[in-house]
Amino acid sequence: MDSMKILSPTYALDLTTSASAALQLIPNTPTRAFRVAILNTGTGTAAVNFGTTAANTADPAIASAGASGSFVLAPSMFYPLVIDCGSPNIFVKGISSGTNTIYFTLVATE
């Protein structure tokens, strides 16, 4: 079983029904490609988009019937979801169906 190494402080992004500003996730030390642990503690569905600069991080959208959306996070998550972002320069934008807080931590598996 792989263990996880924490590579950054934990960042909080407070969300509403409008897209947030881009938040840069900054590692403690320069290192290899990153994974991001994400946790949605709010009661609403949330969606996030990632980019390598603030300018190229698209505004997220929650998918609806017949329309595409961004990476969706279920409400009231018990455990973080870990996804590969593949770049040390990670920016994130989020949106929610209500008022939520999402937490992000850069991690690596060893």
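Just above, that's the structure.
Residues numbered from 1 in each chain as written. Predicted model: local features only at pLDDT ≥ 70, side-chain atom pairs only at ≥ 80, totals over all residues. Heavy atoms only, no water.

A.B. asks: Report on the environment of Gly44, specifying residues and quantitative values.
C.D. replies: By the element assignment, Gly44 lies in the loop between strand E4 (35-40) and strand E5 (46-51). Residues Gly44 and Gly98 lie 54 residues apart in sequence; the distance between their C-alpha atoms is 5.2 Å. If we skip the residues at most four places from it in the chain, Gly44 touches Pro75, Ser96, Ser97 and Asn100. (Helix = DSSP H or I, 4+ residues; strand = E, 2+ residues; numbered from the N terminus. Contact = heavy atoms within 4.5 Å.)

A.B. asks: Give a description of the environment of Tyr103 that names residues and reports values.
C.D. replies: Here Tyr103 shows up in strand E9 (residues 100-109). Residues Tyr103 and Ala65, spaced 38 residues apart in sequence, show a C-alpha to C-alpha distance of 27 Å. In contact with Tyr103, other than residues within four places in its own chain, are Thr10, Tyr11, Ala12, Ala37, Ile38, Leu39 and Thr41.

A.B. asks: Give me the lowdown on the sheet that holds E5, citing residues and values where you can.
C.D. replies: Pairing within the open sheet is antiparallel, and its four strands lie in the order E3-E8-E5-E6. Edge positions in the open sheet fall to strand E3 (23-25) and strand E6 (71-73), since each of these has one partner strand only. The mean angle between the axes of side-by-side strands here comes to 35°, regardless of whether they run parallel or antiparallel. The pairing of E5 with E6 spans three bridges and is classified as antiparallel. (Pairing = 2+ DSSP bridges. Axes fitted to C-alpha atoms, helices over the stretch in contact; angles between N-to-C directions.)

A.B. asks: Lay out the pattern of salt bridges in plain terms, naming residues and giving numbers.
C.D. replies: Considering all chains together, one arrives at one salt bridge under this definition. A salt bridge links Lys93 to Asp59; the shortest N-O distance between them is 2.9 Å. Here Lys93, found in strand E8 (residues 90-96), pairs with Asp59, found in the loop between E5 and E6; they are 34 residues apart in sequence, far enough to count as distant. Take Lys93: its relative accessible area is 12%, and that puts it in the buried class. (Salt bridge = Lys/Arg side-chain N within 4 Å of Asp/Glu carboxyl O. Buried < 20%, exposed > 50% of the residue type's maximum accessible area, 1.4 Å probe, protein only.)

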